[in-house]
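# Examining the three-dimensional arrangement
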Amino acid sequence: MSEDRALGMDRPILRRDLVQGAAMLGALAASPAAAAAPYPPLLQGLRGSHPGSFEAAHALAAGESPVGQVAEPGEGPYDLIVVGAGISGLAAAVFWREQRPGARVLILDNHDDFGGHARRNEYRIGGRTLLLHGGTMLISSPRPYGPVAAGLLARLGIDPVRMQRRHADPGFWARQGMGRGVFLDRGSFGADVLLTGIGRRPWAEVLRDAPLAPRLRDDITRVHESKADPLPGLSSAGKKDLLSRTSYRDYLARILGVSDAALPFFQAMSHGEWGVGADAVSALDVWALGFPGFQGLGLEPGPAPRMGYTARGYAQGGSASFHFPDGNASIARLLLRRLVPAAVPGRDAEDVVLARADYARLDLPRAPVRIRLGSTALRVDQAGPGVEVTYARGGTVLRASARHGILACWGMMIPFLCPDLPEAQAAALRSQVKVPLVYASVLLRDWRAFRRLGIAAVHAPGGYFSSLRLDWKTRIGGYDSVGREDEPVLLFLSRAPCAPGLDERAQHRAGRAELLATPFESFERELRAGLQRILGAGGFEAARDILGITVNRWPHGYAYEDNPLFDPDHPPGEAPHEIGRRRLGRIAIANSDAGAAAYTDSAIDQAWRAVGELLAG
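All of the points below concern the structure found in this document. As the structure is a computational prediction, the values presented were derived from the model and not from experiment. (Residues numbered from 1 in each chain as written. Predicted model: local features only at pLDDT ≥ 70, side-chain atom pairs only at ≥ 80, totals over all residues. Heavy atoms only, no water.)

What follows deals with the overall build of the chain. Along its length, the chain carries 24 helices and 21 strands. Computed over its C-alpha atoms, the radius of gyration of the chain comes to 24 Å, within 12% of the 25 Å expected for a compact globule of 617 residues. When the backbone C-alpha atoms are referred to their principal axes, the chain occupies close to 75 × 60 × 45 Å. In the chain, 72% of the contacts between residues at least 6 apart in sequence involve partners at least 24 apart. A total accessible area of about 23,400 Å² is found for the chain, and carbon and sulfur atoms account for 52% of it. Here the chain holds 71 positive side-chain charges and 65 negative ones, and the gap between their average locations is 4 Å. (Helix = DSSP H or I, 4+ residues; strand = E, 2+ residues; numbered from the N terminus. Rg over C-alpha atoms; globule rule 2.2 N^0.38 Å. Contact = heavy atoms within 4.5 Å. Areas by Shrake-Rupley, 256 points an atom, 1.4 Å probe, with all protein chains shown as cover. Lys, Arg positive; Asp, Glu negative; His and termini not counted. Charge placed at Lys NZ, Arg CZ, Asp CG, Glu CD.)

Okay, structure coming up:
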C-alpha cells in the first residue's frame, strides 16, 4: 500500500467542492435549497483566497489588462459604493445608512462569500451542523473596544462578557483529562516525540523519558523554569529597552545561552500572533504575551517604549473575548442582517449561528443595499460630482457610479485602483504587506485518539502546521460544538509560511508567494501526514478518521503592524497607515490596514472614520 493511499489521499470525499454524498457516518448533505443558490460556507478544498478571486487583481498589479472592453451603459448612481465586503466594508455600509437611512448602497467583493477574512466553514453530518472559523477567530483585541466598535456590537446584540459567561465552556477539555501537548519531529529534534501534560507537570518530568539529548532537555527546562536573572545590574526600564532591540531568538541564544539544538523548540511560538518566528519578533513583545524565559528578570508589569501595538495593549490586559462557533463570521452575518434583513433570518446574536444565509437575496435589483460577490474592482476614479468604479465580474468589465466611495479593500491594492494618488500616499499603501497564513478546518470521525493521548491542543514547532486544537466547546442558539467522544468533531490547524533571517515584510512576501504556488493536494498531504505522526499512537488512522478538509489559504492575510525590530518610530500622523488612509476627494479608505492592527475593532473604527470623513463634506 502506497504512503498516499495509507493517508487517504485517494479518498474521493475531498475531491468534491460541495460534500453531498453519504460518508461513513451518514449523509453530508446540504438542504434542497442549495440547488437554487450557491452556499459558499459548505464548500471544501481550497478556500480563503480561492481560485477565481484574485487573478484579475494580480493581472492589474502586473500591468496587464485583466479582461476585455467595458460593458455600457454603467450602473447607478448609488449614494455609496463600497469596495470590500469584509467586516470593515459591511460596517461602513451600516454606519452610512444609520446616518442616511434612505441611501442606496452597492458593495463589491472579489470573493464568492462575504465577510473578508471573517469566513465561515460549515459541515453537515448525521443530522448535525458543525462550524469553524476560516479566518478571524474571535472577539479579542489588545485594548478594550472603544465606543464606536463596542456600540456597533451592542446594536447587533453582542455582549462579549455576557456571552462568554453564558455560552462558552473553557474548562471542557480539561474535565475530559485532556490538555496541551508539544510534538517534536524527527527532522528538527532527531525523533518524533509527543510531550503531554504541558502546564500540569514540571518540565523536567515532561521531558524525562523523551529520547532527546540531555543538553536539549536541560535548555528547554531552564528557559521555562529558571528564576535566575540573566541581566543583573540593569533596571527594569533598562532591561525592557534591551529586550525591545533584541529578537526573541537572539535573547534565547545570546543572553540565556540556549543551544542551537534547542532553539527550534521556541522558533514557532510567535507564529499565531505575528505570522513570523522568534527571529523576527522582539523579546519585549513576546514577554508581554507570557512567553517563557523572562521569569527571572523581575520586570515591572505594563507597557514600555518600543513595544508593538499588540504587545503594548496586552501588557495592559486586552479586551473582553468571545468566540462564536464560526469566529467573527457571525459578526459579518449580523451586519448583513442589518443591511439585507431577508438574507439572514432570525432576530438576535444567538440564532444567527444556525441561520442559513440566503445568497440569492444579496443582489436584488430594487433593494436599497446590494452586495455583489465575485466582483473585482479594477479602477476607482473621481468622476464629475461623484465616483466611478470599474470592476470585473464573470469575464466582463462593468462600471458603476455613486456620489461617494469607500475603499475597504486591502491597502496595497489601492495604488493600482487609484493610479493618480500622490506618490507618498501610494508608497505608504504599498508598504502594507499583509501577513500570509493558512487556517485549515478538518472534520474528524471522532476525538477518541485525542482522549487516549490526553491532548486537546498541540504545538508542533517543526511541523508544516505549527499548531492544532480541537474546537472550543460552545453552546449557543441551539448549537453545540462538541458531542460525545465517538461523534464527529472539528479540528483547527494553522500555518504561517516564514523565511527566517529576513525582515518581517520580506518574510511575508516570500510566504505569500509560497502559498500562491501551493496546490490543495500539497496542503492535504502535509496535513494528513502530520496528523498521522502526532496522533498515530492514539489509534488515529488518517485514511479512516478524516472526513473533510477545508484549507483557508490567505496569501494576503492579516494587517501588518509596525515591528520595533525593523520599523522606525514615526511622528504622529506620519506613520505609513496614517498617510495611506488620507481621503481622496469623494473617496475614503477603511479596512484594518488603515489602522495597522489586525483586529475586528480596528476594522470597525476605520469604517466609522471613513464614513465620517465623507459625511463631513
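Further notes follow.
This brings us to helix 24 (residues 600-615). Between the first and last C-alpha of helix 24 there are 23 Å, a value that for 16 residues agrees with the 22 Å anticipated at 1.5 Å per step. Burial in helix 24 covers these residues: Thr600, Asp601, Ser602, Ala603, Ile604, Gln606, Ala607, Arg609, Ala610, Val611 and Leu614. The inward-facing, buried residues of helix 24 abut strand 4 (75-83), helix 3 (87-99), helix 4 (147-155), helix 16 (329-339), strand 13 (396-407) and strand 21 (587-589). One or two positions beyond helix 24, positive phi appears at Gly617, with a value near 85 degrees. (Expected span 1.5 Å × (residues − 1). Buried < 20%, exposed > 50% of the residue type's maximum accessible area, 1.4 Å probe, protein only.)

Strands in a sheet are paired, the pairing made by backbone hydrogen bonds, and the direction either parallel or antiparallel. Ordered in space as 3-20-14-19-16-15-8-9, the 8 strands form an open sheet in which the pairing is mixed. A strand with exactly one partner marks an edge of an open sheet, and here the two such strands are strand 3 (45-48) and strand 9 (193-198). Direction aside, neighbouring strands of the sheet carry axes that sit 25 degrees apart on average. Examined bridge by bridge, strand 15 (residues 455-459) and strand 16 (residues 467-470) share 3 bridges and lie antiparallel to one another. In the sheet register, Val458 faces strand 16, and the bridge partner there is Leu468. Against the sheet, helix 21 (residues 520-535) touches strand 3, strand 8 (179-184), strand 9, strand 14 (435-444), strand 15, strand 16, strand 19 (489-495) and strand 20 (546-558), its axis set at about 120 degrees to strand 20. (Pairing = 2+ DSSP bridges. Axes fitted to C-alpha atoms, helices over the stretch in contact; angles between N-to-C directions.)

Ile107, Phe114, Ile158, Ile371 and Ile406 are the most contacted members of the largest nonpolar core, which has 72 residues in total. Contact partners of Ile158, with chain neighbours within four places excluded, come to Ile139, Leu153, Met163, Phe324, Ile331, Leu334 and Ala349. Residues Ala210, Val258, Ala262 and Phe265 belong to the second largest nonpolar core, which totals 43 residues. (Core = buried A, V, L, I, M, F, W, Y, C linked by side-chain atoms within 4.5 Å.)

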